[in-house]
Every structure is written in structure tokens, then in C-alpha cells.
Amino acid sequence: MIIIAMAAVTAPTRLLPLWLLGGKTLPKWFVTWLKFVPVAVLAAMVFPELLLRGGEFQIDSTNEYLWVGIPTFALGIATRNLFLPIIAGMAGLALLRYFSIF
Amino acid sequence: MLNRAVNGDGALAGILYAAPIVTAFLPLSFAFGLSARESGLTFLQTFLMSLLVYAGSSQMVAVSLIASGEAAWMIVVTTFIVNSRMLLLSAAIAPSLDRWKIRERLAFGYLLTDESFALLMTRFRTHAPSAEFALAVNAASHLAWATGTALGHLFSGLIPDVKPFGLDFALVSMLLALLALQLREWTMVWVVLFSGILAVWGVHAGLGSQAILVATLLGPLLGTAIEFQKARRCRTERS
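Computed from a prediction, not measured in an experiment: that's the story for all the values here.

**Q** I would appreciate a short explanation of the pattern of salt bridges in the present structure.
**A** Pairing is possible between side chains that carry opposite charge, provided their charged atoms lie close to one another. Per the stated rule, a full pass over the model turns up 5 salt bridges over all chains. Two residues, Lys-35 of chain A and Glu-227 of chain B, come together in a salt bridge whose shortest N-O distance is 3.0 Å. Here Lys-35 of chain A, found in helix H2 (residues 28-35), pairs with Glu-227 of chain B, found in helix H13 (residues 209-238), and the two come from separate chains. On the accessibility criterion, Glu-227 of chain B (21% relative accessible area) is partly exposed. The closest approach of N and O atoms between Glu-104 of chain B and Lys-101 of chain B, which form a salt bridge, is 3.9 Å.

**Q** Mind showing me how you'd approach the side chain of His-142 of chain B here?
**A** Mapped onto the elements of the fold, His-142 of chain B is located in helix H10 (residues 131-154). Leaving out residues up to four positions away in the same chain, His-142 of chain B has contacts with Ser-50, Leu-51, Tyr-54 and Leu-111 of chain B.

**Q** What am I meant to see in helix H9 (residues 114-126) of chain B here?
**A** The buried fraction of H9 of chain B amounts to 11 of the 13 residues, a majority that puts the element mostly inside the structure. Of the positions making up H9 of chain B, those classed as buried are Asp-114, Glu-115, Ser-116, Phe-117, Ala-118, Leu-119, Leu-120, Met-121, Thr-122, Arg-123 and Phe-124 of chain B.

**Q** I keep staring at the confidence of the model for chain B and nothing clicks. Help me out?
**A** Close inspection of predicted coordinates is inappropriate for parts of the model with low pLDDT. Scored by pLDDT, chain B has a mean of 86; 97% of the residues are at 70 or more. Per the prediction output, this complex has pTM 0.78; the corresponding ipTM is 0.88.

**Q** What's the story with a nonpolar patch on the surface in this structure? I'm lost.
**A** On the surface, Phe-43, Leu-151, Leu-154, Phe-155, Leu-158, Ile-159 and Phe-165 of chain B cluster together into a nonpolar patch covering about 660 Å² of accessible area. Here Leu-154 of chain B shows up in helix H10.

**Q** What's the story with the interface of chain A and chain B in this structure? I'm lost.
**A** Accessible area lost during the coming together of the parts is what is often quoted as the interface size. Listed per partner, the contact involves 65 residues of chain A and 87 residues of chain B. In total, about 7000 Å² of surface goes out of reach between chain A and chain B, with carbon and sulfur atoms giving 80% of it. Contact with chain B buries area across many residues of chain A, yet Arg-14, Leu-18 and Leu-82 of chain A alone supply 11% of it, more than any other trio. One can count 2 salt bridges joining chain A with chain B. A salt bridge links Glu-185 of chain B to Lys-35 of chain A; the shortest N-O distance between them is 3.4 Å. Taken together, chain A and chain B are joined by 12 residue pairs in polar contact (both at pLDDT 80 or more).

Quick notes on the rules
Residues numbered from 1 in each chain as written. Chains lettered and ligands numbered in written order. Predicted model: local features only at pLDDT ≥ 70, side-chain atom pairs only at ≥ 80, totals over all residues. Heavy atoms only, no water. Salt bridge = Lys/Arg side-chain N within 4 Å of Asp/Glu carboxyl O. Helix = DSSP H or I, 4+ residues; strand = E, 2+ residues; numbered from the N terminus. Buried < 20%, exposed > 50% of the residue type's maximum accessible area, 1.4 Å probe, protein only. Contact = heavy atoms within 4.5 Å. pLDDT = per-residue confidence, 0-100. Patch = residues over 30% accessible without salt bridge, like charges linked within 9 Å, V, L, I, M, F, W, Y side chains within 5 Å. Areas by Shrake-Rupley, 256 points an atom, 1.4 Å probe, with all protein chains shown as cover. Buried area = accessible area lost by both parts, 1.4 Å probe. Polar contact = N/O pair within 3.5 Å; in protein donor to acceptor, adjacent residues only side chain to side chain.

Now the structure itself:
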């Protein structure tokens, strides 16, 4: 029952804009604003993952996500490839843990 | 013949293009399946949630709320808040799809995720938005999510910890890779720093997903202001 209700509230958030905005010309400021939404949402999701652990700042040598995340991001910038940094990031972290560096 | 199917705008090309999402979704949904079982959800409940709700962060939050015996309406409201950023993403991708049939747009929207959004926005910069291609990307991602969830619930006894394999890093590395791919002008760097720091500050203050939503709303506002300022300076320099 909860699951049906959850589906009922998530579906409209994805469907309504596609339904209503399709085929309309939007004002210029809105189009500019929309252009920045992808990078903003990705940054807003990933920054807390990198800098916080359990809601507290952890900016030191034990923060494995931060120290693996920076080269992962750099690899993405350098290669302009999506697949490579994802695999390299996970493999890199697995290796560092295997050799108990973290 | 095969070469054309792989490089073209069709369903097969879409499925292959979804490979990065599939790679990240399998371990993520596996982890979700594990934690759902630990929280006492049955296989059917867990699987249906991945099939119908299909929203990673909302599902994770919902499972932990169900485990702690939270009221049903609280869970539904939280699901909505966590997932409300999809309103923005859906609105942002809508202009690219204005030639699609309405049923194609709705079928696409139902399976839209942060990841398929970012992947397809990148794709549509250089390619015409093909409905068949985009729907295939979404379908492959959804299938991966449902499969991973099922496997996670079924085999939760076999793998006690995903950490030795680095699988817990799947989401973060995917977000970073998508961000790297999206960055293509200096204004965006300012938006990233602004939204990122705002979100960190908000999450640290205990605002959770609301902080992420606010950062997603305000960051692009800064970008728009910078861009309009630049345009005005260009005009005054010319005159």
C-alpha cells in the first residue's frame, strides 16, 4: 500500500513537466536557468557525499571518498568518457582498501 | 548492418549507450535489495518498489523509515520531497522532446532518472533526440535496477559486505563522471561550486534532501544572473 502511494507521488513529478511543457516556446531566462540545472543537481548530490560522513565534516586523510573522488573526477574531465571513471573509481577504492591504505 | 545498429539512433544503440548507468545501477540496486531485506521487507515488496517507484535515494530513505516504524503518510511525503527534484529535470529535458508524441514523452518521463537525464542531455547536444534511443536507455537502466534489486534480496546471505569490492562507491563515481561530462563553460564551474557548497552546508545543518533541492534551485539562478550580466556588458561595449 505504501509502495503504491510512493509510486503515485513520484510519477507526477517526472510526468507533468514533460506533458505540459512539450511543444511550447519558453522565455529566455527560463531556458538559461534550465541549462544550469543538470550541473547544479549533480553538484548538490555529490558534494555532501564527498565532504560529509554521517552528517559531520570529514576533510582529512581518512576520507576515502574524497581522495578517490578527486582523481575520478579528473579522469572524467581528461577523457570525456563516462564509463572509464566509474570503473576506475570503484576499482581504485577496492585496491586501496585491499592494501589497507584506508 | 550491425555497425549501423550500434552507432545509429535505434534501440540497440540506446541499450549500449546505457552501459555506464547499468554498471552503476547493478551494485547500487543490489545494495538496496540487501538493506530492504534486512529491514524486513518481503521479496515482492522490495521488487515492486524498484519496479514502480524506481527512485534510488527515495527508496533507500523509505526503507530506513519503514524499518524504524515511521507512519505511512510520513514515508510518502518524504518520498515526494526527496524525489521532487525530478520536476526540474523533467522540465529541463522537455524542450528537447517537443517533437515526440505525447505517449512517448509520458513513457520516457515515467522512467526518467538523474543518471539517464544527464546522459541524454549530453547526447542531445550532438544528436537529434530519437525517442527509440532514449526509451531504450531508460528501459535498460530500469531493467538493471530491477534485476540488481532482486539479486540483492535473494543473495543477501551470501555477500555480507560490498565494501571490499568498492561497490559502495558506485553512486558517487557515477555522479562525478556525469558532472565531468556536463561541465563545458566557466559559468557552470561557479554554479557547481555554489550549489555544491550550499548543499554541503544544508546537509550539515540537518536539512537533508531539502538542502539538495534548494541548492538545485538556486545554483542555476546564479548561472542565469552571470550569463545575463555578460550579455549586457557585451551590448554596452558594442554601443
